[in-house]
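What follows is each chain in one-letter form.
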Amino acid sequence: MSIQNLIMNLQKYWAAQGCYLAQSYDMEVGAGTMTPDTFFRVLDKKPWRVAYVQPSRRPTDGRYGENPHRVQKHFQYQVIIKPSPPDIQQWYIQSLAALGVNLKYHDLRFDEDNWESPTIGAWGVGWQVLLDGLEIAQFTYFQQAGGIETFPVPVEITYGLERLEMFLEGKDDIYDLQWSDDVSYRDLRIEEEREFSEFNFNHADIKSLQKKFSLTSEEAGKLIEKNLLFPAYDMCLKSSHLFNLLDSRGAVSVTERVKKIAQIRNLVTKIAQKYTSREGSS
Amino acid sequence: MEFVLEINTEEMPLLHVKAALQQLKRNFEDVLVSKGLVDKKKKPGKIETFGTCRRLIIYGDLIAYQRNKEEIIFGPPKSVAFAPNGSLTPAVMGFARSLGVKVDSLEVVSNEKGEYIAVKKIQKGRSAKDVLPQVLPDIITGLSFPKMMRWGANDFKFSRPIKYIFCILEGEQLSFMVNGISTIDFTTGHKLYFPAPIKVKSFQEYRRLLKKNKVLIEEKTRKARIKNLIEKKLAPLEAQCFPDEKLLDKLANDVEYPYVFLGAFPKKYLNLPIEILSTAMREGQNLLSVIKGKKQLPVFLGVTDACNDAKGFVSKGNERVLKARLEDARFFWEQDSKIPLKERAKNLRQVVFQESLGSYEDKSERIKKNALYLVNKVDAGKKKQQIKQAAELCKADLLTEMVREFPSLQGKAGGIYARKEKYSFAVWKAIYEHYQPVSLDDPSPSSLIGAILAVCDKLDSIVGVLGLEIEISGSKDPFGLRRNAQGICSIVLDKKLDFSFPRLLDKVIKVYEDCLIKNRSELKEICLEFFKNRLEYIFSHLGFRYDLINAVLSSGVDNIYYIFLKLKALDSLKNNSKFKTLILTAKRVNNILRAQPKYRVNQDLLIEKGERELYTTHSIIRDNVRPLFSSGDFSKAQRIVLTIGSSIDNFFDNVLVMAEDKRIKRNRLALLQQVSKLFSQIADYSEVVIEGEKD
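Residues numbered from 1 in each chain as written. Chains lettered and ligands numbered in written order. Predicted model: local features only at pLDDT ≥ 70, side-chain atom pairs only at ≥ 80, totals over all residues.

**Looking at the overall build of chain A**
(1) Moving on: Assigned secondary structure in chain A consists of 8 helices and 9 strands.
(2) Moving on: Against the compact-globule benchmark of 19 Å for 282 residues, chain A has a radius of gyration of 19 Å, which places it among compact chains.
(3) Moving on: Oriented by its inertia axes, the alpha-carbon framework of chain A measures out at about 55 × 45 × 30 Å.
(4) Moving on: Within chain A, the proportion of its 282 residues that are buried is 48%.
(5) Moving on: For chain A, the share of sequence-separated contacts (at least 6 apart) that also reach a separation of at least 24 residues comes to 67%. (Helix = DSSP H or I, 4+ residues; strand = E, 2+ residues; numbered from the N terminus. Rg over C-alpha atoms; globule rule 2.2 N^0.38 Å. Buried ≥ 20, exposed ≤ 12 C-beta atoms within 10 Å, placed from the backbone. Contact = placed C-beta atoms within 7 Å.)

**Description of the nonpolar core**
All names here are of chain B.
(1) Moving on: If you look at the biggest cluster of nonpolar residues, it comprises 248 residues, and the most contacted ones within it are Ala390, Ile452 and Leu453.
(2) Moving on: For this core, the leading source of residues is helix H15 (residues 448–467), giving 12 residues.
(3) Moving on: For Ile452, the residues in contact, after removing those within four places along its chain, are Ala371, Leu374, Val375 and Ile387.
(4) Moving on: If you look at the next biggest cluster of nonpolar residues, it comprises 5 residues, including Val92, Phe95, Tyr116 and Ile117. (Core = buried A, V, L, I, M, F, W, Y, C linked by C-beta atoms within 7 Å.)

**Details of the pairing of strand E1 (residues 2–9) of chain B**
Residue and element names in this part refer to chain B.
(1) Moving on: The element E1 is largely enclosed, with a buried count of 6 among its 8 residues.
(2) Moving on: Two strands pair when backbone bridges link them, and E1 and strand E3 (residues 55–61) are joined in this way by 7 bridges, in the antiparallel orientation. Across the sheet, residue Glu2 finds its bridge partner in E3, namely Asp61.
(3) Moving on: As paired strands, E1 and strand E7 (residues 162–169) are joined by 7 bridges and run antiparallel to one another. Bridged to Glu6 within E7 is Phe166. (Pairing = 2+ DSSP bridges.)

**Some remarks on the domain arrangement of chain A**
All names here are of chain A.
(1) Moving on: Partitioning chain A into domains gives domain 1 (3–200) and domain 2 (205–278).
(2) Moving on: Contacts between domain 1 and domain 2 engage 23 residues on the former and 20 residues on the latter.
(3) Moving on: In terms of residue class, the side of domain 1 that touches domain 2 is built from 12 nonpolar, 7 polar and 4 charged. (Domains from an automatic or database assignment. Nonpolar A, V, L, I, M, F, W, Y, C, P; charged D, E, K, R; others polar.)

**Side note on the sheet that holds strand E4 (residues 69–77) of chain B**
Residue and element names in this part refer to chain B.
(1) Moving on: Here we have 3 strands laid out as an open sheet, ordered E4-E6-E5, and antiparallel in their pairing. Sheet topology places E4 and strand E5 (106–111) at the edges, where each strand pairs with a single neighbour. On average, adjacent strands in this sheet sit at an angle of 50° to one another, irrespective of strand direction.
(2) Moving on: Summarising the sheet, E5 and strand E6 (residues 114–123) pair through 6 bridges and their orientation is antiparallel. Paired with Leu106 across the bridge in E6 is Val119.
(3) Moving on: Helix H2 (residues 90–99) contacts E4, E5 and E6 of the sheet and is inclined by roughly 150° relative to E4. (Axes fitted to C-alpha atoms, helices over the stretch in contact; angles between N-to-C directions.)

**Topic: the domain arrangement of chain B**
(1) Moving on: For chain B, the assigned domains are domain 1 (2–65 + 127–212), domain 2 (70–123), domain 3 (219–337), domain 4 (353–543) and domain 5 (566–687).
(2) Moving on: Put simply, the middle of domain 2 of chain B and the middle of domain 5 of chain B, counted by C-alpha atoms, are 61 Å apart.

**Thoughts on the packing of helix H11 (residues 384–393) of chain B against helix H14 (residues 425–433) of chain B**
All names here are of chain B.
(1) Moving on: Two elements in contact, H11 and H14, have axes separated by 9 Å at closest approach and are oriented at 40°. Compared by their axis directions, H11 and H14 come out oblique. Considering how the two elements wind past one another, H11 and H14 form a crossing that is right-handed. Residues Gln386, Gln389, Ala390 and Leu393 of H11 lie in contact with H14, whose contacting residues are Ala426, Val427, Ala430 and Ile431.
(2) Moving on: Here the residues of the contact of H11 with H14 are counted per class, giving 6 nonpolar, 2 polar and no charged. (Parallel < 35°, antiparallel > 145°, perpendicular 65-115°, else oblique. Left-handed = near helix turned anticlockwise from the far one by under 90°.)

**Digging into the interface of chain A and chain B**
(1) Moving on: Counting residues at the interface gives 28 residues for chain A, matched by 28 residues for chain B.
(2) Moving on: Elements that contribute at least two residues to the side of chain A that touches chain B include exactly helix H3 (88–98), strand E4 (108–112), strand E6 (122–131), strand E7 (134–145) and helix H8 (254–278) of chain A.
(3) Moving on: Per-class residue counts for the side of chain A that touches chain B are 15 nonpolar, 8 polar and 5 charged.

**Focus: the confidence of the model for chain B**
All names here are of chain B.
(1) Moving on: Per-residue confidence for chain B averages 91 on the pLDDT scale, and 97% of its residues sit at or above 70.
(2) Moving on: Here strand E17 (residues 352–354) stands out as the least confident element of chain B, with mean pLDDT 78; strand E14 (residues 258–264) is the most confident, with 98.
(3) Moving on: The ipTM assigned to the predicted complex is 0.94, against a pTM of 0.80. (pLDDT = per-residue confidence, 0-100.)

**Here we look at the packing of helix H21 (residues 577–593) of chain B against helix H25 (residues 662–680) of chain B**
A pair of packed helices is captured by two measures, namely the crossing angle of their axes and the spacing between those axes.
Residues and elements named next belong to chain B.
(1) Moving on: Viewed as axis vectors pointing N to C, H21 and H25 meet at an angle of 130°, and their least axial separation amounts to 10 Å. Considered as vectors, H21 and H25 are oriented oblique to each other. By crossing handedness, the relation of H21 to H25 is classed as left-handed. Of the residues in H25, those in contact with Ala586, Val589, Asn590, Ile592 and Leu593 of H21 are Leu669, Leu672, Gln673, Val675, Ser676 and Phe679.
(2) Moving on: Of the residues contributing to the contact of H21 with H25, the split by class is 8 nonpolar, 3 polar and no charged.

**Let's talk about the sheet that holds E3(B)**
Adjacent strands of a sheet pair through backbone hydrogen bonds, lying either parallel or antiparallel.
(1) Moving on: Spatial strand order, E2-E3-E1-E7-E8 (chain B): 5 strands in an open sheet with antiparallel pairing. In this open sheet, the two edge strands, each paired with only one partner strand, are strand E2 (47–52) and strand E8 (172–173) of chain B.

**Examining helix H22 (residues 609–631) of chain B**
Residue and element names in this part refer to chain B.
(1) Moving on: Between its terminal C-alpha atoms H22 stretches 34 Å, which fits the 33 Å expected from 23 residues at 1.5 Å a residue.
(2) Moving on: Those residues of H22 that fall on the buried side of the exposure criterion are Glu611, Leu614, His618 and Val625.
(3) Moving on: Looking at the packing, one finds that the buried side of H22 touches helix H23 (634–642), helix H24 (645–654) and H25.
(4) Moving on: Just downstream of H22 lies Gly632, where phi reads positive at about 85°. (Expected span 1.5 Å × (residues − 1).)

Rendered as structure tokens:
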């Protein structure tokens, strides 16, 4: 049992459901939802099936490697299928069986939880999936992205890989997980968590973050004018991560928070509008 | 004949299921009655609904065939039907031809306009089997939910994706389509364990086979089963489940066949306040707390969906998750305790309440000013110091880690921290309770200071948001203003707070200074109207008659508690015959006075006995009820006012109001105006509907 085994099983399972297996996006993002393989592809009218691992960074969740479940970087397994198939819940349930979960002895629940990401102007309806009380996935029918109504409707399943692996291995501490038979999560990650927690909370240079934030968001605006939508979106992702770092440094007042989120959302909304009119859809 | 419909969906929230079942029942019943397929007064006629998070079920005992109906189609008038020679005119021939009937089946039928040539046709009653498929799709697509969604490549909106629609009539499949989904003739058992098709022929069989396949269709049965299993689990411990009906309702909705499991957590977490413990258990994991006497035990209860936890995995898994959450909570509790609330409150400056309405520091400051005003009005003036402290601290917990992690603890967390910091009972309790009531069935704050704080906090939000010209409409109420207004009304009624509401509004508006866009008098009117609507809602929710509600609210909202007392006074007399007579008299007085300018009574002009008597009776009554009005004893006042009845009757019998002499006439009108004024201090009687009388 190991995380990499879990990933291989998920890859095999979702490839068999017709998903294209994407590689992780090469930028800091807060969640798998934010990468272009999800963000752009849910906007147009073409069918789309994709699955991928996405390292996700949430600077404020850093705990210096001392908390058994909170980390500032974790791994998500993201599945997007558009349009949502009628028996998608069943597919998901079978994926758990494929991972070796015997549902006869466990309590699986779909508990109401509607997801929303103001930064990318997106919301959806769905559940958090609880397995014996542990949240192991988020299951969402996207209703809107980039401020645009999604049609056909995509379904998103996001597995929290560490959580799921803790369940499978029956471990209480994230660092006790095995990444492979020989390499533990501790070996791989704990130093990184310590240093990044230091960086996120104490050392990230506020002035430089602020400067970079205005540079990347300005550049996003210019790129949108030039119809270079993918690069423009990258700039938005950068801005978003810089914002998160500012937040973990405690440098964002509440008013500024609202303003900065709105600033990114406006850019993202413009990109979404241009993208859909270019793709001749919704 | 038996009808069963099941809409099977992915997991719906409790509120959605409740809303849908109500609509289903009402709309289905209405359609059936209008189509003559059910007779409410007779059997068969039973219609019942059932639901789980995955099913909306409706069962009906229907009439198989509509009754035959005679239909009369009118043609030309008889006067133009016959030519002078007695033969039929072309108009009549054309009429017969257009309907495809022979002329000898024509008849002469009269209606209110005269005699006409007509055809009587018997319309055969259609069968339920024909009618239902035409009406059911609209009933299903017409369901509305608090939040709707789309799925797949379909524009159709529903609570959650529909998986199938099962429908049988007298054991046979009833076919129709709802947005591309065609009905099927089988249902399925529990989604995880018994997904195979189940064919059923009757409702009884449906219920029985579903039970066998781990689905209990009745919410009541599931809830009873949960309670029963809880008792069994707790019997050896001689402990009780900490009552949480809301959570039990959610669980009874969320599972189709409940099993209960017991788990434990390390004793050291018992040091956490009980509110924090139970919140950590309830939120996220839906676990119930266990108490013995008044003491919390280090165990919890959980409910599974059809899994009997044969190997104890469910309980172990939940223990693990809970331990992690409690560890977080303990960390927050310790971290938060390091900074006193007073210090924390200083940072509220940086927390925006609403962009134009300033920070939470500004809000706390406004709450303080308004609360200090209100505390004087409701005779609690001695508590000023405590009010001041509570108002200054009440929002500080927004900055704690605990509230960030468990937002539902806002207020409570502040109260607990204040208690820990040894603030007086009055202060910490007020902070603790000031968000209450959060719904119509949530209790009002128990303490007076808590109540005052809650009223001022909520009213500040209402005035602020309405003052910014933000529209509140049926579906749009992002700030929960309606809930807040209902909260205020409930508190005022529960705590018997006796004060002038419009004056408090003046104060609240004034305290906002120049923040608001709307002009003050206009804003005040809007707020009063808003509260009038809320009061109507609450009063009707409490079961009062609409006309009585209108009678006490028609003059607008002043002292909210007094309005309630007036309503109760009216309500207690509504079946009294004297009262009915008085209402009719009051209506008569109203009609006479309509459009009359105001006059003054001149005693010297009261020349007839009847008017002198009325004048005297009125004066006596007026003087007697005056102190009752100001002390709020409207029941007694109302009873005294009733005694004016015979004097007025006598007046109307013997005195001519519209006298020739203008001065006399005006004087009599003035007298009636005084009487009318007396009435209006209790209610506008003309709004009250007397049986058998149409307004």
